[in-house]
Structures are given as C-alpha cells and as structure tokens.
Amino acid sequence: MSKPRIIVIGAGFTGVATAHDLALRGCEVTVVERGPIANGTSGRTHGLLHSGGRYAVKDQESAIECIDENMILRKIVPTVIEPNGGLFVALNEQDVAYGEDFIAGCEACHIPIEELTPKQVLAMEPNLNPGVLAAFTIPDGTFDPLRLALSFAATAKKHGAKFLLYHEVKGLLMDGQGNVTGVKVLDLPANKELELHADMVVNATGAWVGEITVMAGAQVPIQPTPGIMVAFDQRIAQRVINRLCPPADGDIVLPQRRMMVIGTTSFTAENLDYIPIIDEQIDLMLERAYELAPALKSAKLRGIYNATRPLIGSGAPGRSVARTFKCFDHKETDNVDGFVTITGGKATTLRAMAEKTTDIVLGKLGLNIPCQTMDYPLISYREFYALNN
Amino acid sequence: MAEQWNITLVIRRQKQGQQPYDQEFKMEANPDENVIDLVERVWAFHDKTLNYAHACHHSTCGACGMRVNNVEKLTCITPVRSVVSNGGTLRVDPMRNFPVISDLAVDMGELYRRMELVGHHPVNSDRQEAIQKEFRPAGPADPGEDFIRLSDCIECGLCMSACPIVGSTPDYLGPAPLAGAHQAGLASNPKLLDIVGGTDGVWRCHSAYECTAVCPSNVDPGWRIMELRRMLIGEKLKSWFSPRKSVEVSK
Amino acid sequence: MNTNPNIFTRILSWFDPRGKTLGTYGFMLNRITALGLTLYLFLHLIVLGTLAQGPDAYDNFLKLIENPILKFGELLVVAAVFLHGLNGIRIGLNSFGIAVPRQREFFIGVVVLSLIAIAFFGWRMYFA
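This one's a predicted model, so the numbers in the text were calculated from it and none came from an experiment. For every chain, the first residue of the written sequence is number 1, and numbering continues from 1 onward in sequence order. To label them, take the chains in the order written and letter them from A, then take the ligands in the order written and number them from 1. For a predicted model such as this one, the threshold for reporting local features is a pLDDT of at least 70, and the threshold for listing and counting side-chain atom pairs is 80 or more; totals across whole chains, interfaces and linings nevertheless cover every residue.

Asks: Describe the nonpolar core, with residues and values.
Replies: By size, the foremost hydrophobic cluster in this structure holds 200 residues, and its most contacted members are V89(A) and A153(A). A per-element tally of this core places helix α5 (residues 145-158) of chain A first, with 8 residues. In this description, a nonpolar core means buried residues of the types Ala, Val, Leu, Ile, Met, Phe, Trp, Tyr and Cys, linked to one another by C-beta atoms lying within 7 Å. Here a residue counts as buried when 20 or more other C-beta atoms fall within 10 Å of its C-beta, as exposed when 12 or fewer do, and as partly exposed in between; the C-beta atoms come from the backbone. Numbering of helices and strands runs from the N terminus; a helix is a DSSP stretch of H or I covering at least four residues, while a strand is a stretch of E covering at least two.

See below:
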C-alpha cells in the first residue's frame with residue numbers, strides 16, 4: 001500500500017506533534033494552518049514544563065501524563081527548555097494544610113518532591129514572599145513556546161511533512177456517504193483556492209475544533225476557556241513559583257527569559273478570534289503576583305494577553321473540567337469517516353496527544369506501526385524555516 | 001472604564017504577484033494596549049485575509065516584529081501610547097530586508113540559516129549568556145549556582161531590518177548572526193574566526209548602531225560586534241607573536 | 001537577505017534618516033565627509049600640479065581661491081576633516097571595545113567639538 005496521505009488542520013502544539021509522529025511512522029503529511037506556527041493558544045502558553053503538581057490532588061490522570069511527558073521532553077528537545085525546577089509555596093495556614101494532600105497526591109503520581117524549610121526556600125529564591133510558611137521542590141521547567149512547536153515541525157518537515165501556513169480551511173471535501181475525503185483551503189498569500197485530498201483528516205485546531213467539525217456536520221464537547229496572562233519586565237526568580245493550593249486564579253508565576261509571567265484566570269468568550277482584556281483580571285493577577293513575590297511591585301508590565309484553553313466539557317464549566325485530552329473518531333461519534341478530532345490537553349502533553357491520535361488514525365487505516373517519538377531526538381527548531389517545503 | 005483614543009491605523013498590504021497598497025482603518029484604541037492587539041482586531045473583525053506573524057504575545061518568541069511608523073518594533077510589547085497620540089495616525093509595515101510572504105508576514109529563513117551557521121545557543125548557562133554587567137537579571141545571583149537560561153536573542157529580525165548594511169549588502173551576515181557568534185564564543189567552532197573576520201563579517205559593520213537601538217531583548221548586537229573586533233585584533237596579534245595558531249579565545 | 005536589486009536605491013537607502021536614531025547620523029556623516037574629502041584630495045592634487053607650471057600659474061590659482069564660494073568650500077573641508085577624523089577616532093576606539101555603551105554621547109561630543117573647530121577656523125578665515 002502506498003504511503004497514507006494525512007491532512008492535519010492546525011499547526012499548534014497538537015498539529016505539529018501529530019505531523020511529526022505521522023511522518024516518523026511513514027505517512028505523507030500535509031499541515032494546513034490559517035496563520036503562522038503556534039499563533040493560537042499554543043504560542044501564548046506561559047511555557048510551564050508541567051510536573052503535574054497542580055493536578056496531583058484532584059486530577060491524577062492529568063498529573064501522571066504531565067510528569068511522564070515532562071521527562072520525555074527534557075530528553076528529546078532540551079534546546080528549548082530551562083530545566084531549573086519549580087517550587088510550591090505555602091503563604092497561609094490553608095496552604096500549609098493543603099500540603100498534606102499535595103504530598104499524598106504527588107506520591108500517587110510518582111512526582112518527586114522535597115520539602116523545604118522557609119529558610120531554605122528563601123535562600124534559593126530571595127525574592128519570594130518573606131512570610132512563606134512551607135515549600136516543596138518539584139521538577140517543573142520552562143520552555144520557549146514557539147520554539148517547542150518549531151522543533152516538532154522542523155523534525156516533521158525533515159521527514160517529508162509539508163506545511164502550508166497562511167492557508168485557511170474553508171470547507172471539507174466529502175464523498176457521497178457523508179465521509180471526509182479532504183479539505184478546501186484558501187491560500188491567503190496567493191488568494192487562490194485549493195482542494196487537497198487525503199485518506200484521513202485530523203482536526204487539531206485546539207479551542208477552534210468546533211468550527212471545523214461543523215463543516216462535516218459533526219460536533220465535539222469543546223468548552224473554550226480563555227485566561228489572562230501578565231508579563232513583568234524583571235526576572236526576579238530562577239524557578240517556577242506555584243502557590244500551594246488547589247487550582248485557582250493566579251496560582252503560578254514563572255520566569256520566561258528576562259520576564260516573570262503570572263497566570264491565569266478562567267472565563268468564557270464569544271468570539272475565539274479576539275478576546276478583549278478585562279481590566280479587573282489584570283488587577284487580580286497583579287495582586288496574586290505581589291503575594292507570591294513582593295519584589296514584582298517594582299517591575300513594570302511588559303505584556304498582557306489572553307490565551308484560550310481547549311477544555312473538553314462534560315457539563316460543569318471552568319476549572320473542574322479535566323485537563324486531559326481526548327481524540328474523537330467521528331465515525332463512532334457522528335458516523336463521519338475519514339475524520340478525527342484531537343483536542344484538550346496541556347502543552348506538556350503534546351507528544352502523548354500525537355501518539356494517541358496517530359495510533360487511532362493508523363488503526364483506522366488498518367496499519368499497525370509502533371510509535372518512536374518518545375525516544376526520537378528532535379532536530380534544531382531553526383531547520384523549520386531553513387529547510388524549504 | 002479604560003481610556004479610548006480615536007486613531008487611524010494604516011496597514012501595508014501585499015499579496016503575491018500584486019502591487020502593495022495601504023489599507024486604512026479608523027478605530028478606537030486603548031492607549032495601554034499593544035500594537036499587535038490592534039492588528040489582531042483588524043484581522044478578527046474586518047479582514048481575515050490579513051496575514052501577520054505572532055505567537056507568544058509577550059516578547060519571548062520574536063515572531064511579531066514589524067515597522068511601526070517606520071521604526072522597528074516588537075508589536076506585542078509596544079503600547080499604543082508610545083507610538084501615537086489621540087487622533088493620530090499609526091502606520092504598520094512589514095520588516096525590511098526579508099522577503100514578504102503576505103502583508104506583514106515575512107520569510108525569516110535566511111536569518112535562521114545564519115543563526116544556525118554561527119552556532120548561537122538557544123539555551124545557555126546564565127553566566128555565559130549575560131556577559132554585559134548591565135544586563136544581569138534582577139534577581140538571585142548566587143555565585144555558587146549557575147542556571148540554564150533561554151538566550152536573550154529571540155531571533156526577531158528587528159536588527160536585520162534596521163541595519164543599513166543589511167539593507168544594501170545581501171551577503172553581510174548582519175547584527176543578529178554576529179551577536180550570535182559572540183554568544184557562542186569564537187572558541188566554539190574553529191571556522192567561526194574566518195566567518196566573523198571575513199568579507200561578510202564584523203568589518204562590514206559601519207557603526208550605525210541601529211541594531212542596538214531596536215533590539216527588544218538586551219542582546220546589544222552593536223556592542224557584541226565591537227567585542228568581536230577586539231577579539232579578532234587580539235587573535236591577529238597573538239598569531240604574529242607566536243608560531244602556533246591559537247584558537248582559544250578568552251572572554 | 002532580500003535587498004533591492006537597484007544599486008542606486010540601495011545606496012540612497014543609507015541616507016534616509018526617517019525612523020533612525022543618532023547612530024545613523026554618524027553613519028551618514030562619515031560617508032558624506034569621506035566622499036567630500038576624497039573629492040578634495042583629487043582637487044588638491046590638481047592644484048599642486050599647477051606648481052609644476054611655474055610660480056605665475058600657482059599665484060593665479062591663489063588669487064582664484066579668494067572667491068567667497070571657494071572659501072566656503074575650504075571651510076567645508078575643515079568641517080569634513082574634523083567630523084570624519086573625530087568620528088573615526090570614536091569608531092576606532094569602539095573597535096577596540098572602548099566606550100561602546102556610550103557611543104551616542106561620544107558622537108554628540110564629536111559633533112560639538114567639530115562645531116567649535118569650524119567656528120574657530122571660520123572666524124580665522126573670514127575675519128582674521
């Protein structure tokens with residue numbers, strides 16, 4: 001059988017990682033993306049290489065995914081990662097009490113932590129709130145969002161994947177039985193419409209998956225949930241600083257180059273393409289940031305932006321929804337063959353999402369090719385722009 | 001309620017095989033929001049055929065470099081009030097010296113090729129990265145500990161757009177790659193000495209210092225190019241006075 | 001890199017100060033003064049050639065340069081020498097790693113010193 005032709009819609013983390021896995025397993029992949037690489041949610045992540053600590057108590061499935069993928073990414077793409085570790089810090093008695101659940105949760109999820117005294121943690125990070133009552137180290141890290149995506153995309157390109165950036169999907173090509181056979185795209189730079197045929201179309205548009213599934217008369221329970229991020233112009237800590245508490249607004253501040261980024265909130269938005277900044281949320285983020293690290297009071301604001309998480313709904317909106325990912329085979333869910341949707345997840349789990357999706361895609365095509373991406377070192381992210389299509 | 005200004009936004013449009021033209025929008029803008037937000041609103045609400053590069057929206061990816069009123073800026077950290085006043089006109093053009101893919105999006109291939117050529121390190125030890133004293137991060141500076149840090153240079157290309165020599169001499173390596181060579185260190189690659197000291201290297205710089213002026217990320221390419229000159233002169237003198245060619249260069 | 005195929009457009013782009021900072025003015029001035037001084041050098045050699053034609057030819061030439069326009073030209077040469085020379089020292093020092101973070105202030109100093117020199121020699125040429 002000739003190489004399976006797969007079209008991946010979306011060049012965010014999910015799209016590029018899936019293209020990489022598909023290409024590595026011998027498929028002919030074309031990625032279509034209406035903008036540049038990682039211009040949606042993926043580019044705007046604050047860059048936390050998640051250790052799973054935040055989910056160790058209430059969402060252990062996500063936590064285990066995170067810690068496992070954290071270790072894999074450190075191995076396969078070290079050139080975009082700052083592996084400086086992280087801290088969970090308790091600022092009041094409630095936080096300290098949560099520490100008990102936190103320890104048990106991390107143990108259950110094999111997340112290695114170490115308790116520190118206030119004196120120890122302030123020696124490590126002098127700009128922390130001096131009233132810190134307890135702290136734990138955790139194997140967090142930070143990464144460059146765009147360059148993580150580019151690393152996967154470059155490696156996919158090296159193995160033959162084609163990237164059509166600035167190509168917007170206008171519709172899906174269907175056969176007479178309501179199955180998907182390809183995509184109709186508008187080449188925006190050339191202002192030309194193209195039809196691309198494929199054996200399978202993978203919808204990897206993250207928060208926007210609903211806009212694509214509707215083109216096939218299908219649907220997925222996506223609940224796009226934006227949140228604000230605020231970047232300060234001073235790097236006053238070398239490690240990720242997490243608040244020792246259940247997931248809450250502004251529970252993390254982390255270094256990104258010479259900045260600190262605080263996030264985030266949770267709300268709903270009408271138009272995914274433009275989400276206005278809400279001033280009250282900026283104030284809330286500043287308040288939380290100053291609590292964790294008072295030194296930030298002398299820093300200036302550098303960037304303020306929203307990013308939309310692709311949460312998979314099941315009823316309750318907002319934070320209680322699981323942060324894990326799901327791959328929907330539309331033959332099963334909507335009787336539309338040739339079409340799968342992958343969404344949800346966190347940045348750190350991009351490779352795992354791609355593995356699951358590629359397993360499903362190849363399974364549907366009757367192929368059984370083992371995944372190698374957990375061990376395959378990614379090539380230099382620069383090759384994405386340097387290699388020609 | 002946030003302040004609202006009335007401004008005119010002029011965007012340079014250019015599609016393949018077509019003549020470039022200007023597109024004008026009268027819009028309301030919060031003076032504290034960033035220029036990228038204006039471009040994004042135009043795309044989301046007025047014209048989805050507008051192409052522009054962006055990713056992180058907080059100056060770590062380097063994707064959103066453009067010319068704003070003819071000055072190179074990273075638009076995600078450029079507040080509206082810093083480039084226009086209430087009632088004024090704001091012009092946005094793509095960066096110079098890169099081929100335009102579409103509208104404000106340019107092909108960064110040549111810059112990335114050159115950064116790879118000189119071996120700039122995307123992650124570096126903190127001590128190696130921040131050589132200029134003025135640019136040490138404000139924070140814990142434990143002499144015993146060194147951290148791994150993402151490099152200052154975000155490969156945004158603003159310096160390449162602003163440099164007059166890059167504008168006239170296509171083979172000149174340019175500020176970012178030369179700064180990248182300095183960061184990697186001449187000792188990192190024996191070929192680097194010839195690359196930065198050769199015809200398209202540091203001696204083509206003629207001290208306009210626009211690169212340092214527009215860099216949004218503390219790289220200071222002008223200073224690094226002059227440092228490379230100092231190192232090259234040192235190497236030359238050493239090679240005259242010692243029989244064996246020395247490749248070890250001390251910082 | 002993507003440069004304009006027309007060499008004149010490329011050269012002219014050096015002299016467009018719109019959106020540029022002080023460093024570019026130093027860059028432009030160095031080029032203009034260099035061209036001016038090169039032109040002056042040729043003229044100077046031609047003038048010296050008149051010496052070979054005997055004392056009368058040279059004396060005639062000296063009367064010619066009493067012309068106020070040519071006198072102003074000589075003042076421009078003085079300006080070019082100071083600007084180019086002092087800026088050259090600035091750039092030379094920079095190339096040894098000296099004073100780079102203060103290059104802007106250094107350039108302002110170069111211009112101020114040059115203006116003083118131009119004023120001094122101008123006074124001497126026209127009024128002394």
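Asks: Before we move on, can you summarise the interface of chain A and chain B with the specific residues and values?
Replies: Placing C-beta atoms from the backbone, we regard two residues as in contact once those atoms come within 7 Å. The interface is formed by 47 residues belonging to chain A together with 42 residues belonging to chain B. Among the secondary structure elements, those contributing two or more residues to the side of chain A that touches chain B are β4 (81-82), α5, β14 (222-232), β17 (259-263), β18 (301-312) and α10 (383-386) of chain A. Residue polarity is assigned by list, with Asp, Glu, Lys and Arg as charged and Ala, Val, Leu, Ile, Met, Phe, Trp, Tyr, Cys and Pro as nonpolar; anything else, Gly included, falls into the polar class. Each residue belonging to the side of chain A that touches chain B can be placed in one class, and the counts come to 23 nonpolar, 12 polar and 12 charged.

Asks: Tell me about the packing of helix α4 (residues 68-95) of chain C against helix α5 (residues 103-127) of chain C, and please be specific about residues and values.
Replies: Residues and elements named next belong to chain C. To obtain an axis, a line is fitted to C-alpha atoms, over the contacting stretch when the element is a helix, and the angle between two such axes runs from 0 to 180 degrees between their N-to-C directions. Two elements in contact, α4 and α5, have axes whose closest approach is 9 Å; the angle formed by their N-to-C orientations is 155°. By the angle between their axes, α4 is roughly antiparallel relative to α5. At the point where α4 passes α5, the crossing takes the right-handed sense. Between α4, through K71, E74, L75, V78, A79, F82, L83, L86, N87, R90 and N94, and α5, the contact on the second element is made entirely by Q103, F106, F107, V110, L113, S114, A117, I118, F121, G122 and M125. Residues that form the contact of α4 with α5 fall into these classes: 14 nonpolar, 5 polar and 3 charged. Each angle receives one of four descriptions, namely roughly parallel if under 35 degrees, roughly antiparallel if over 145, roughly perpendicular if within 65 to 115, and oblique otherwise. It is the rotation of the near helix from the far one that decides the hand of a crossing: anticlockwise by less than a right angle makes it left-handed, clockwise makes it right-handed.

Asks: Account for the sheet that holds strand β10 (residues 167-174) of chain A, with residues named and values stated.
Replies: Residues and elements named next belong to chain A. Strands were regarded as paired on the criterion that DSSP finds at least two bridges between them. Within the open sheet, the 3 strands sit side by side as β10-β11-β12. Their pairing is antiparallel. Whereas interior strands pair on both sides, the edge strands pair on one side only; in this sheet they are β10 and β12 (192-197). With direction set aside, neighbouring strand axes in the sheet form an average angle of 25°. The pairing of β10 with strand β11 (residues 180-187) spans 7 bridges and is antiparallel.

Asks: I'd like a rundown of the arrangement of the chains, residues and numbers included.
Replies: Ranking by contact count across 2 pairs of chains in contact places chains A and B at the top. Nowhere do chain A and chain C come into contact; their C-alpha atoms are at least 13 Å apart.

Asks: Give a detailed account of the packing of helix α2 (residues 109-118) of chain B against helix α6 (residues 175-184) of chain B, specifying residues and quantitative values.
Replies: Residue and element names in this part refer to chain B. Packing of α2 against α6 brings their axes to within 8 Å, and their N-to-C directions diverge by 25°. Taken together, the axes of α2 and α6 lie roughly parallel to each other. The hand of the α2/α6 crossing is right-handed. Across the interface between the two elements, L111, R114, M115, L117 and V118 of α2 pack against A176, P177, G180, A181 and A184 of α6.

Asks: Summarise the interface of chain B and chain C; cite the residues concerned and give the values.
Replies: Counting residues at the interface gives 26 residues for chain B and 23 residues for chain C. Elements represented by at least two residues in the side of chain B that touches chain C include exactly α5 (164-168), α8 (210-214) and α9 (221-241) of chain B. Here the side of chain B that touches chain C takes 7 residues from α9(B), the largest share from any one element. Tallied by class, residues from the side of chain B that touches chain C come to 13 nonpolar, 8 polar and 5 charged.

Asks: Account for the domain arrangement of chain A, naming residues and giving values.
Replies: Accessible area lost when the parts come together is the quantity often used to give the size of an interface. Residues and elements named next belong to chain A. In this document the domain limits rely on a domain assignment from an automatic tool or a database. As far as domains go, chain A holds domain 1 (5-42 + 146-221 + 322-386) and domain 2 (48-143 + 223-312). Each of domain 1 and domain 2 has a C-alpha centre, and these two points are 29 Å apart. Contacts between domain 1 and domain 2 engage 25 residues on the former and 24 residues on the latter. At the level of secondary structure, the elements contributing two or more residues to the side of domain 1 that touches domain 2 comprise α5, β20 (339-344) and α9 (350-364). Per-element tally for the side of domain 1 that touches domain 2: the top contributor is α5, with 3 residues. Residues of the side of domain 1 that touches domain 2, tallied by class, amount to 12 nonpolar, 8 polar and 5 charged.

Asks: Go over the sheet that holds strand β16 (residues 252-256) of chain A, please, and point to the residues and values.
Replies: Residues and elements named next belong to chain A. The 8 strands lie next to each other as β6-β7-β5-β15-β16-β17-β14-β18, forming an open sheet whose pairing is mixed. Each edge of the open sheet is held by one strand with a lone partner, namely β6 (114-116) and β18. Neighbour-to-neighbour, the strand axes of the sheet open up by a mean angle of 25°, direction not taken into account. For strand β5 (residues 86-90) and strand β7 (residues 134-138), the ladder comprises 5 bridges, and the chain directions are antiparallel. Paired with G86 across the two strands is I138, which belongs to β7. On the sheet, helix α7 (residues 279-292) packs against β5, β14, β15 (240-243), β16, β17 and β18 and is oriented at approximately 60° with respect to β14.

Asks: Describe unusual backbone geometry, with residues and values.
Replies: The linkage connecting G263(A) with the following residue, T264(A), adopts the cis geometry, with an omega of -20°. Its location among the elements puts T264(A) in the loop between β17 and α7. Phi at H57(B) takes a positive value of approximately 60°, unusual for a residue other than glycine. Inspection of the secondary structure assignment puts H57(B) in the loop between α1 (35-46) and β3 (65-68). For Y209(B), which is not a glycine, the phi torsion comes out positive at approximately 60°. Along the chain, Y209(B) falls in the loop between α7 (192-197) and α8.

Asks: Could you give an account of the pairing of strand β4 (residues 71-74) of chain B, with specific residues and numbers?
Replies: Regular strands show a simple pattern: their side chains alternate between the two faces of the sheet. Residue and element names in this part refer to chain B. Every second residue of β4 is oriented toward a common face, with V71 and K73 on one face and E72 and L74 on the other, all of them buried. Pairing analysis gives 4 bridges linking β3 to β4, with the strands arranged antiparallel. Along β4, the bridge assignment pairs V68 with V71.

Asks: Tell me about the environment of V202(B), and name the residues and values.
Replies: Residues and elements named next belong to chain B. With respect to the element layout, V202 can be found in the loop between α7 and α8. Taking the C-alpha atoms as reference points, V202 and R224, separated by 22 residues in sequence, lie 9.6 Å from one another. Apart from residues no more than four positions distant in its own chain, V202 is found in contact with L178, V196, G197, I225, L228, R229 and L232.

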